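Letter by letter, the chains look like this.
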Amino acid sequence: MRKVIGIGETVLDIIFKNGQPIGAYPGGSTFNAIISLARSGVQTTFISETGNDRVGQNIIDFLHENGVNADNVTRFPDSKSPISLAFLNDQNDAEYIFYKDHPRDQLDFVYPDIQPDDIVLFGSFYAVNPVIRPQVVGLLDYARSHGAIIYYDVNYRPSHRNEVMKITPNLLENLEYADIVRGSMEDFETLYRMTDPNKVYNAEISFYCKKFIYTQGAGPVVLRADSSFQKTYPVEKTEVVSTIGAGDNFNAGFIFGLLKYGITRQNIEQGLSPEQWDKVIAQAQRFSVECCKSLFNYVGEEFGETMKQEFNNK
């Protein structure tokens, strides 16, 4: 059975509406996608770190409860777990403030079992952070040498705008490792002050990675696959409760689609057909829409059960 291995941060997301907290849920970009995939019946492993506190224990318990292998989540004895405050506006889009106390980040893990056509998911500032760069690159090298598909979600927040120059070499290296790159309009505005998907692809992405997905919230999804193939997908209108986790669940749905439709690394290298792209993007949008219907950062367990049945009956 193919597996998904995610590496990324863990945080406790405390959500505010009209100045008052309305919920607190374990989160983190890759974490959210891994939980949704696990709920959908996918075999998952998560690599991360957390503090040696109640929040850290809750996060590890939550991974176990959802069937995620958490053997490679390091607990730092002298650190507090990171916290994120998410403030929802009138459209239920979130603005974030992050609090992190890991003064001596030294991510320490044993490489998990990775087989050909397993999928490795990574992204956000975690993927370019100089402090843990050797460990991230080590995992990417290991994944590549074992024939895994590497999916990179840029997910670069405006709070790190002043560090763009410092992290650019790591960002470019990540693009080079990736078989598929996804980024949002906000990411590329922050990194390059560009919002035109074709300009972003031609100027910044295509030299390193040919398969590119550009999302823009409620705006259409733009796909560029090699120089010749381009397609735009409208986004379904839905009643939005919260956009926290929308992009993360787009990633989860896309990866679920790769598994559901038996798409291998070789298929991606040779080029997917328009029909294959349509199918996996449809799954990505389905997961994303589902996540936006609740305050949670992941798809619900009932939706996950439906996905399990669909996967088994494919």
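See above for the structure.
### Quick notes on the overall build of the protein chain
Move 1: Check the secondary structure of the protein chain and you find 10 helices and 13 strands.
Move 2: The C-alpha radius of gyration computed for the protein chain amounts to 18 Å, which stays within 12% of the reference 20 Å derived for 314 residues, consistent with globular compactness.
Move 3: Within the protein chain, the fraction of its 314 residues that count as buried is 56%.
Move 4: Counted over contacts in the protein chain with a minimum sequence separation of 6, partners at least 24 positions apart contribute 73%.
Move 5: A total accessible area of about 13500 Å² is found for the protein chain, and carbon and sulfur atoms account for 50% of it.
Move 6: Within the protein chain, one finds 29 positive and 40 negative side-chain charges whose respective centroids are separated by 3 Å.

### Some thoughts on the sheet that holds strand β13 (residues 229-233)
Pairing between sheet strands relies on hydrogen bonds along the backbone, with the strands arranged either parallel or antiparallel.
Move 1: Strand order in the open sheet formed by 9 strands is β5-β4-β1-β8-β9-β10-β11-β12-β13, and the pairing between neighbours is mixed. The sheet terminates laterally at β5 (69-76) and β13, the two strands that pair on one side only. Ignoring which end each strand starts from, the neighbouring axes of this sheet average 15° apart.
Move 2: Here helix α1 (residues 29-39) sits on the sheet and contacts β1 (3-7), β4 (43-51), β8 (119-123) and β9 (149-153); the angle it forms with β4, its principal contact strand, is near 145°.
Move 3: Of the strands in this sheet, β8, β9 and β10 (180-184) are in contact with helix α4 (residues 164-177), which crosses β9 at around 140°.

### As for the packing of aromatic side chains
Move 1: Applying the stated criterion across every chain yields a total of 21 aromatic pairs.
Move 2: Arranged with centres 4.8 Å apart and planes meeting at 25°, the rings of Phe16 and Phe87 form a pair that is stacked. Note that Phe16 is positioned in strand β2 (residues 11-17) and Phe87 in strand β6 (residues 80-88), a separation of 71 residues in sequence.
Move 3: On the accessibility criterion, Phe87 (32% relative accessible area) is partly exposed.
Move 4: Arranged with centres 5.6 Å apart and planes meeting at 65°, the rings of Phe188 and Phe212 form a pair that is edge-to-face. Highlighted residues: Phe188 in helix α5 (residues 185-192) and Phe212 in strand β11 (residues 211-216), separated in sequence by 24 residues.
Move 5: A residue is classified by how much of its surface remains accessible, and Phe188, at 0% relative accessible area, is buried.

### Some thoughts on the pairing of β10
Move 1: Counted residue by residue, β10 has 5 buried out of 5 residues, so it is predominantly covered.
Move 2: As paired elements, β9 and β10 share 3 bridges and run parallel to each other. Opposite Tyr152, over in β10, you have Val181 as the bridge partner.
Move 3: Each parallel crossover has a hand, and the one from β9 via α4 to β10 is right-handed.

### Details of helix α10 (residues 301-312)
Move 1: When the terminal C-alpha atoms of α10 are compared, their 16 Å separation across 12 residues agrees well with the 16 Å that a helix rising 1.5 Å per residue should span.
Move 2: Among all positions of α10, only Phe303, Gly304 and Met307 are buried. All buried residues of α10 lie within an arc of 100° about the axis, which places them on one face of the element. Those residues of α10 that are exposed and angled more than 90 degrees off the buried face are Glu301, Glu302, Gln309 and Asn312.

### Quick look at the packing of helix α9 (residues 274-292) against α10
To describe two helices that pack against each other, one gives the angle between their axes and the distance between the axes.
Move 1: Running from N to C, α9 and α10 cross one another at 160°; their axes reach a closest spacing of 12 Å. When the axes of α9 and α10 are compared, the pair comes out roughly antiparallel. Where α9 crosses over α10, the two elements pack in a sense that is right-handed. Contacts between α9 and α10 involve Gln283, Arg286, Phe287 and Glu290 from the former and Phe303, Met307 and Glu310 from the latter.
Move 2: Residue composition of the contact of α9 with α10, by class: 3 nonpolar, 1 polar and 3 charged.

### A few points about the pattern of salt bridges
Think of it this way: side chains of opposite charge can pair up when their charged atoms draw near.
Move 1: For the structure on display, the rule yields 17 salt bridges.
Move 2: For the salt bridge of Lys3 with Asp113, the shortest nitrogen-to-oxygen distance reads 3.3 Å. In this pair, Lys3 is assigned in strand β1 and Asp113 in the loop between β7 (94-101) and β8, connecting sequence segments 110 residues apart.
Move 3: Lys3 sits in the buried class, given a relative accessible area of 10%.
Move 4: In this structure, Arg286 engages Glu310 in a salt bridge whose closest nitrogen and oxygen atoms are separated by 2.5 Å. Note that Arg286 is positioned in helix α9 and Glu310 in helix α10, a separation of 24 residues in sequence.
Move 5: Judged by relative accessible area, Arg286 falls into the partly exposed class, the value being 31%.
Move 6: Look at Glu310 and you get partly exposed, because its relative accessible area is 24%.

What counts and what doesn't
Residues numbered from 1 in each chain as written. Predicted model: local features only at pLDDT ≥ 70, side-chain atom pairs only at ≥ 80, totals over all residues. Heavy atoms only, no water. Helix = DSSP H or I, 4+ residues; strand = E, 2+ residues; numbered from the N terminus. Rg over C-alpha atoms; globule rule 2.2 N^0.38 Å. Buried < 20%, exposed > 50% of the residue type's maximum accessible area, 1.4 Å probe, protein only. Contact = heavy atoms within 4.5 Å. Areas by Shrake-Rupley, 256 points an atom, 1.4 Å probe, with all protein chains shown as cover. Lys, Arg positive; Asp, Glu negative; His and termini not counted. Charge placed at Lys NZ, Arg CZ, Asp CG, Glu CD. Pairing = 2+ DSSP bridges. Axes fitted to C-alpha atoms, helices over the stretch in contact; angles between N-to-C directions. Phe/Tyr/Trp six-rings, centres within 6.5 Å; stacked < 30°, edge-to-face > 60°. Right-handed = clockwise from strand over helix to strand, strands pointing away. Expected span 1.5 Å × (residues − 1). Arc of directions from axis to C-beta. Parallel < 35°, antiparallel > 145°, perpendicular 65-115°, else oblique. Left-handed = near helix turned anticlockwise from the far one by under 90°. Nonpolar A, V, L, I, M, F, W, Y, C, P; charged D, E, K, R; others polar. Salt bridge = Lys/Arg side-chain N within 4 Å of Asp/Glu carboxyl O.

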